[in-house]
Amino acid sequence: MTTIDRPRAVPDRGAALAPAVAAAERWLASLDARRVPAAGTPEDAIARLGATLPDSPGDPASVVDRLAAAVEPGLMASGSGRFYGWVMGGALPAALGADWLVSAWDQNAGMRDSTPGVVAAEEIAAGWLLDLLGLPPTAAVGFTTGATMANLTGLGAARHRVLASAGWDDAADGLSGAPRIRVLAGAARHGSVDLALRLLGLGTAELVAADDQGRLDAADLRRRLADGSGGPTIVCLQAGDVHSGAMDPFADAIEAAHAVGAWVHVDGAFGLWAAADPRFAGMMRGLERADSWATDAHKTLNVPYDCGVAIVADEPALRAAMGVRAAYLLTAGTADPYDHVPELSRRARGVPVWAALASLGRSGVVDLVDGLHRAARGIAEGVLRIPGAQVLNDVVFTQVCVAFESDERTRAVFAELLREGAIMPSASVWRGRAVIRFSVSSWRTDAVEVAATVAAVERAAAAAR
Ligand SMILES: *Cc1c(COP(=O)(O)O)cnc(C)c1O
């Protein structure tokens, strides 16, 4: 190994990291006490940052200091244990530390042989994920930006396979003139499935009936499939309805789909993690028999943004859909990471997944999932003691939909919660009613936070009278 003596002084490369560490530590230390919703508007933050491009270079450390000071008031405390908005996880300490290293290392994790260090951590993480979720150990895993791209990835593999089975080569001939692919999805599917289908040129899914918790009706699926011609077919199932947390009936639906040769894709952005907890085995029965699965690490697993996971049992189909062949790429004998995701260059976003799993261990993952569920039940039970409050869903996993006597009053309680800022759920409309939706997704949400949360709802309900 040789070193290079530089003739001139080089600025300290770490100079911008020390202020970043200090600002990050300040931020993390503030999470327990600070207001959960963000303060101000993007315009306020633009005014603090200053919109004028500097004419000349600035000192890196002061740039980072200025950024932290100007942006911090506009941050939402999504890492707080009292944050329940949308479905957003926090960041486990080991995953956050690993994520910083990923930035410092700055590896392009697309190619197996050229960045063996991070590829090793990603490959181990992939194997652990399959093991924890009870999915086929030989399935291919790709780390994407989120479940939206993981849905696109799984459905891209599906498109290739069902057309190939019908004697059509989509890679060579595209979709024009191809046999029509019939796509079925539950009425309560997530909008990102619609987006993935649209990007893949598959149009809008035919909707299968869902029950009052958003669960796909397997009998309706079976009837619809029996009515079809048996041509190329994709069935999209869901693990975790964003309002109720409910799981589709995997065993029945997958059996019906496979009976007609359909590919089954499961959107399990947060709900797939129920498969890691033996207590949910009944609800997840048959999940492992699907053909592809999408999930997020930045939700239930509490890895920092962003990280999704695409899992496909049929690796050749995935590689046919997402692989790239170019002479200038170093190509390993086996598949390269870029063969399994839509991106070519990408950060090693599977490394924080490795760190999260290494720090939790098998029992820690079960405890994390179980803890989120117990906190959701605790919130539901506490809220039910508040006069006029109702819980509209069966709390089978991590989601709780709360409503008051009228939509007007539900909205007023929600507005009061945001005004006070001690907790942050999100607002939605479910089954025709305004709801305050709690998605318990943070490793920090413990019994103390649950009690504080119920107390905040109680105060808001009283204040909104
Ligand atoms: C969050 C979510 C998605 C989209 O995931 P992103 O990580 O935001 O891309 C898809 N499906 C479900 C059920 C979700 O909850």
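As the structure is a computational prediction, the values presented were derived from the model and not from experiment.

Chemist: It is not clear to me how the side chain of Ser441 should be interpreted in this structure. Could you clarify?
Modeler: Mapped onto the elements, Ser441 comes out in the loop between β11 (433-439) and α14 (447-463). Ser441 sits in the buried class, given a relative accessible area of 3%. A polar contact of 3.0 Å, which involves the side chain of Ser441, links it to the side chain of Ser439.

Chemist: Honestly, unusual backbone geometry in this entry has me stumped. Any pointers?
Modeler: With glycine set apart, most residues show a phi of negative sign, and most peptide bonds adopt trans. With omega at -5°, the peptide bond leading from Tyr305 into Asp306 counts as cis. Turning to its location among the elements, Asp306 is positioned in the loop between β6 (292-296) and β7 (308-312). Although it is not a glycine, Asp106 sits at a positive phi angle of roughly 50°. Taking relative accessible area as the criterion, Asp106 reaches 64% and is therefore assigned exposed. In the Ramachandran plot, Arg431 falls in the positive-phi region, its phi being about 50° despite a non-glycine side chain. Inspection of the secondary structure assignment puts Arg431 in the loop between β10 (426-430) and β11. Owing to a relative accessible area of 47%, Arg431 belongs among the partly exposed residues under this scheme.

Chemist: Can you help me understand the site of the ligand in this one?
Modeler: Inspection of the region around the ligand gives 13 residues, with Thr148, Asp267, Asp296, His298 and Lys299 positioned closest. Burial of the ligand by the protein amounts to 84% of the accessible area it has alone, namely 380 Å².

Chemist: Hey, could you run me through the nonpolar core in this one?
Modeler: Generally speaking, soluble globular proteins have nonpolar side chains that are buried together. If you look at the biggest cluster of nonpolar residues, it comprises 54 residues, and the most contacted ones within it are Val266, Leu301 and Val353. Listing elements by their share of this core, those giving two or more residues are α5 (116-133), β1 (140-144), α9 (218-227), β4 (233-238), α10 (250-259), β5 (263-267), β7 and α12 (351-384). Here this core takes seven residues from α12, the largest share from any one element. Residues contacting Val353, with those up to four places away along its chain left out, are Ala125, Leu129, Phe143, Ala297, Leu301, Val303 and Cys307.

Chemist: What's the story with the sheet that holds β1 in this structure? I'm lost.
Modeler: Within a sheet, each strand pairs with its neighbour through backbone hydrogen bonds, oriented either parallel or antiparallel. Pairing is mixed across the open sheet formed by seven strands, whose spatial order is β1-β7-β6-β5-β4-β2-β3. The open sheet has two free edges, formed respectively by β1 and β3 (206-208), since each of these has just one partner strand. This sheet shows a mean twist of 20° between the axes of neighbouring strands, independent of strand direction. In the sheet, β5 pairs with β6 via three bridges, with the strands oriented parallel.

Thresholds, definitions, all that
Residues numbered from 1 in each chain as written. Predicted model: local features only at pLDDT ≥ 70, side-chain atom pairs only at ≥ 80, totals over all residues. Heavy atoms only, no water. Helix = DSSP H or I, 4+ residues; strand = E, 2+ residues; numbered from the N terminus. Buried < 20%, exposed > 50% of the residue type's maximum accessible area, 1.4 Å probe, protein only. Polar contact = N/O pair within 3.5 Å; in protein donor to acceptor, adjacent residues only side chain to side chain. Near = heavy atom within 4 Å. Areas by Shrake-Rupley, 256 points an atom, 1.4 Å probe, with all protein chains shown as cover. Core = buried A, V, L, I, M, F, W, Y, C linked by side-chain atoms within 4.5 Å. Contact = heavy atoms within 4.5 Å. Pairing = 2+ DSSP bridges. Axes fitted to C-alpha atoms, helices over the stretch in contact; angles between N-to-C directions.

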